[in-house]
Amino acid sequence: MRASLIQVGVDQQESVNSRRERVASLVRAQTASDLVVLPELWPVGAFAFEAFEEVAEPLDGPTHQVMSAAARDAGVWLHAGSVIERAADGALYNTALVYSPDGERAAHYRKIHRFGFDQGEATLLGAGTEPVTVALPETTLGLATCYDLRFPELFRQLVDAGAQTLVIPAGWPERRRAHWSLLARARAVENQTYVLACGTGGTHAGVEQAGHSVIVDPWGEVLAEAGRDEEIISAELDPELIGKTRHVFPVLRDRVLGLPTP
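Given the structure is predicted, the values throughout are model-derived calculations rather than measurements. (Residues numbered from 1 in each chain as written. Predicted model: local features only at pLDDT ≥ 70, side-chain atom pairs only at ≥ 80, totals over all residues. Heavy atoms only, no water.)

**With respect to helix α1 (residues 16-28)**
Under the convention used in this document: Secondary structure elements follow DSSP: runs of H or I of four or more residues count as helices, runs of E of two or more count as strands, with numbering from the N terminus. Helix span, as expected, comes to 1.5 Å for every residue beyond the first. The criterion used for residue contact is that any of the two residues' heavy atoms lie within 4.5 Å.
The end-to-end C-alpha distance of α1, which contains 13 residues, comes to 18 Å, matching closely the 18 Å that a straight helix rising 1.5 Å per residue would cover. Looking at the buried side of α1, the elements it contacts are β1 (2-7), α3 (62-74), β3 (77-86) and β14 (231-236).

This is how it looks when you write it as structure tokens:
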């Protein structure tokens, strides 16, 4: 199974519509991949808080239309990063979108942990409440977004629900890049899963982005890693490696605390 991460550069001089079309063309070029992943809030920028209200859209809005078509044209599973969703009641959410190769929306996930410490996203957006997994033919994805990476209990719930590949789009700042790299590997090792962590490049809203999107295997080995600018990285994933790893090193079997209710 070939996975590709598109580390999008978010330049606020580029219009949202232009970026949608440009990113769609990058997705369409990934015909050799089975799964393509985009970053968090790439249409607007994760720190462009003042624009959230203006660019908010329903689940079937313009980003959906463009990404659905791109997934279908490329024939890939597409985790289209996330958008500012405007729900029917007017509430805003940071919502991830996943598409099947026929262009159907297979799942959406509202970010549970909002960043900001009573500022920014934490005050502007509603919080999701439900962990989400998506069954692909080769693997089961567990969905999380950016700040979620700091909360290991979410990932254990995803693994208990059958997740084998954890997908984490982000708009992570450069000043905490060491945490990004450390936590991505930690989530892979402690859950014995693949981790696909896709961030943004460049600078937007005055915040320098960490970039360094990364693909990590269940042993914590980095299979591919980007730099700081816009870049596409790819790696071959072996779905059977999950079961093999858990068989030869059955650490999850020895859990005592936090076990799911029978």
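**Looking at the sheet that holds strand β5 (residues 105-110)**
The strands that make up a sheet are held in pairs by hydrogen bonds between backbone atoms, and each pair lies either parallel or antiparallel. Threshold: Two strands make a pair as long as DSSP finds a minimum of two bridges between them. Between N-to-C directions, angles cover 0 to 180 degrees, with each direction set by a line fitted to C-alpha atoms, over the stretch in contact for helices.
With respect to topology, 6 strands assemble into an open sheet ordered β5-β4-β3-β2-β1-β14, the strand pairing being mixed. Two strands lie at the open edges of the sheet, namely β5 and β14, each paired on one side alone. Each strand of the sheet is rotated relative to its neighbour by a mean of 25 degrees, with strand direction disregarded. Of the strand pairs in this sheet, β3 and strand β4 (residues 92-99) are connected by 7 bridges, and their pairing is antiparallel. What sits directly across from S82, in β4, is A96.

**A few points about the pairing of strand β9 (residues 194-198)**
Where we set the bar: Partly exposed residues are those whose accessible area sits between 20% and 50% of the maximum for their type, while under 20% is buried and over 50% is exposed, using a 1.4 Å probe and protein chains only. With strands facing away from the observer, any crossover in which the path from the first strand over the helix to the second runs clockwise is taken as right-handed.
Burial runs high along β9: 5 of the 5 residues are buried. Along β9, one buried face is formed by Y194, L196 and C198 and the opposite face, lined by V195 and A197, is buried too. As paired elements, strand β8 (residues 165-169) and β9 share 5 bridges and run parallel to each other. Following the sheet pairing, L166 is matched in β9 by V195. Crossover β8 to β9 through helix α6 (residues 177-191) is right-handed. Bridge count for β9 against strand β12 (residues 214-216) is 3 bridges, and the pairing is antiparallel. Across the sheet, the residue bridging to L196 is I215, located in β12.

**Observations concerning the UniProt feature "domain: CN hydrolase" (unreviewed entry) in the protein chain**
The line we're drawing: UniProt positions are given in the numbering used here, feature names are shortened, and annotations may be inferred rather than shown by experiment.
When the UniProt feature table is mapped onto this chain numbering, "domain: CN hydrolase" (unreviewed entry) sits at residues 1-239. Taken end to end, residues 1-239 comprises 24% helix and 28% strand; its first and last C-alpha atoms sit 7 Å apart.

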